[in-house]
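Listed below are the residues making up each chain.
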Amino acid sequence: MIRIKNNWLHGPWFDSAFILLPAFLSVGMVYLLKDGSHAPLPLWMWVALVMGIDVSHVYSTLFKTYFHSEEFNQHRNLYTLVPVLVLLTGILVYTVDSKTFWTLLAYLAVFHFIRQQYGFLRLYARSEQSPRLVRSIDAFTIYSATLYPVIFWHTYPRDFNWFMEGDFLLGLPVVVERVAFVLYLLAIFTYLTKELYLVTVKRELNLGKNLIVFGTVCSWYVGIVLFNGDVAFTLTNVIAHGIPYMALVWVWGKNKQARHFNKSYGPAIFLVSILLFAYVEEGLWAGLVWREHLEAFAVFTSFPEISDKATLSWLVPLLTLPQATHYVLDGFIWKVTGTSRGV
C-alpha cells in the first residue's frame with residue numbers, strides 16, 4: 001500500500017480549495033474562455049482579479065506584520081526600515097527614469113512570484129527526510145517551471161505585460177530559449193522519474209508537494225507560453241498566486257491565534273479589510289494617474305489627473321509602496337518567524 005504524505009497546512013479541504021487547486025482552476029478557466037483569451041480584460045474581470053485578488057493579497061501581509069503587535073514589536077526595525085528604504089529608492093529611481101522604475105518593479109514582482117512557488121514546495125515537503133539529491137531535483141523543477149516561461153516571454157514578446165508596456169527587457173536570443181526549454185523538459189522528466197521511484201520502490205507519495213509542482217508547471221506554461229492573451233495571463237497569474245498567499249496568511253493567523261482570526265466574524269474582517277485597502281489604492285491610481293477603470297471608482301472621478309513629472313516622482317513610488325514593500329518583506333517575514341515559512 002502506498003503511504004500518502006499530505007503535510008496539510010490547515011486541513012485537506014482548506015488546503016485543496018485555497019492553496020493546491022487554484023492553479024488548476026485558473027487553467028480550466030482559461031480553456032473555458034479560450035475564444036476570448038486574446039481580448040482585453042473586461043472591467044468586471046479586472047475588478048475581480050486585479051483589484052479583488054492581486055492587489056488585495058498584497059494587503060493581507062498587514063495581518064502578518066503591522067497588524068500583529070507581537071510580530072511587529074519583535075521585528076520593529078525590519079518593518080520600519082524596509083518601507084522607508086523602498087520609498088526612498090523608488091523616488092530616486094523614478095526621478096532618474098520612470099521606465100527603469102517600472103522595469104525594476106516588474107522584475108522584483110517576478111522574483112517574488114517565483115519564490116512563492118518554491119516556498120510552498122518546501123512547506124509541503126517540510127516533514128520529508130529526503131537526501132540532498134531529492135531536494136535539489138525538487139528545487140530544479142519548480143524553478144524551471146517558472147523561469148522557462150519567463151525566458152520564453154523575453155524571447156518571443158507576448159500580447160500582454162506584467163505592469164505596463166516596455167517593463168520587461170525583451171530580445172533574448174532564440175538559442176537561450178532553446179537551451180532553457182531542454183533544461184525545462186529535463187527537469188520535468190527527472191522529477192517524474194524520481195516520483196515514480198518513490199511510489200514504486202519506497203511506496204510513498206507526497207500529494208501536496210506534487211500538486212504544487214504540477215499546478216505551477218501547468219499554470220505558468222498555459223498562461224504565458226501556450227496562450228498569448230491578457231485574459232489567460234491574468235487568470236493564471238493572479239488566481240494561482242494571490243489566493244494561496246492569502247490562505248497562507250490566514251493559516252498563520254489561525255495557528256498564532258491572532259486577534260480576529262479565531263472569531264466567527266474573522267473571515268469577514270480579513271476579506272473586507274484587504275478589499276477596502278485595494279479599492280482605495282486602485283481608486284487613487286485611477287483618479288490621479290491612469291484615468292482608467294473610473295466606472296468602478298465613482299468616488300475618485302473628481303480627482304485631478306497628475307501629469308507633472310516632479311509630482312509623479314514621489315506619487316508613483318508612494319502608490320506602489322504597498323506592493324513593493326510586500327515583495328521585499330515576503331523574503332524575510334516567513335524566515336524570521338521560524339521554519340516552514342512560519343506556519
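The model shown is predicted, which means the values in this text are computed figures rather than measured ones.

> Help me understand the pattern of salt bridges, please; the structure alone is not making it clear to me.
A side chain with one charge can pair with a side chain of the opposite charge if their charged atoms come near. Summed over the entire model, instances satisfying the criterion amount to six salt bridges. Note that glutamate 71 is salt-bridged to lysine 64, the shortest N-O span being 3.3 Å. Under the relative-accessibility criterion, glutamate 71 is labelled buried at 3%.

> What am I meant to see in helix α10 (residues 230–255) here?
The periodicity of an α-helix, 3.6 residues per turn, causes residues three or four positions apart to be oriented the same way. With 26 residues, α10 should reach 38 Å at 1.5 Å per residue; the first-to-last C-alpha distance of 37 Å fits that figure. In terms of residue burial, α10 counts as a mostly covered element, since 22 of its 26 residues are buried.

> For this particular structure, what's the right way to read the packing of helix α1 (residues 12–20) against helix α2 (residues 22–32)?
Between two packed helices, what matters for the description is the angle formed by their axes and the separation of those axes. Following both chains from N to C, one finds α1 and α2 inclined at 50°, their axes separated by 6 Å at the closest point. Judged on the interaxial angle alone, α2 and α1 are oblique. For the pair α1 and α2, the contacting residues are Ser16, Ala17, Phe18, Ile19 and Leu20 in the first and Pro22, Ala23 and Phe24 in the second. Tallied by class, the residues present in the contact of α1 with α2 amount to seven nonpolar, one polar and no charged.

> Would you explain the environment of glutamate 295 in this entry?
With respect to the helices, strands and loops of the structure, glutamate 295 is situated in the loop between α11 (266–290) and α12 (309–333). According to the relative accessible area criterion, glutamate 295 is exposed, its value standing at 64%. Separated by 252 residues in sequence, glutamate 295 and leucine 43 place their C-alpha atoms 8.5 Å apart.

> Would you take a moment to explain a nonpolar patch on the surface for this structure?
The grouping of Phe140, Leu172, Val175, Val176, Val179, Leu183, Leu186 and Phe189 at the surface amounts to a nonpolar patch, some 680 Å² of accessible area in total. At six residues, helix α8 (residues 174–202) tops the list of elements feeding residues into the nonpolar patch. One can find phenylalanine 189 in helix α8.

Rules and cut-offs
- Residues numbered from 1 in each chain as written.
- Predicted model: local features only at pLDDT ≥ 70, side-chain atom pairs only at ≥ 80, totals over all residues.
- Heavy atoms only, no water.
- Salt bridge = Lys/Arg side-chain N within 4 Å of Asp/Glu carboxyl O.
- Buried < 20%, exposed > 50% of the residue type's maximum accessible area, 1.4 Å probe, protein only.
- Helix = DSSP H or I, 4+ residues; strand = E, 2+ residues; numbered from the N terminus.
- Expected span 1.5 Å × (residues − 1).
- Axes fitted to C-alpha atoms, helices over the stretch in contact; angles between N-to-C directions.
- Parallel < 35°, antiparallel > 145°, perpendicular 65-115°, else oblique.
- Contact = heavy atoms within 4.5 Å.
- Nonpolar A, V, L, I, M, F, W, Y, C, P; charged D, E, K, R; others polar.
- Patch = residues over 30% accessible without salt bridge, like charges linked within 9 Å, V, L, I, M, F, W, Y side chains within 5 Å.
- Areas by Shrake-Rupley, 256 points an atom, 1.4 Å probe, with all protein chains shown as cover.

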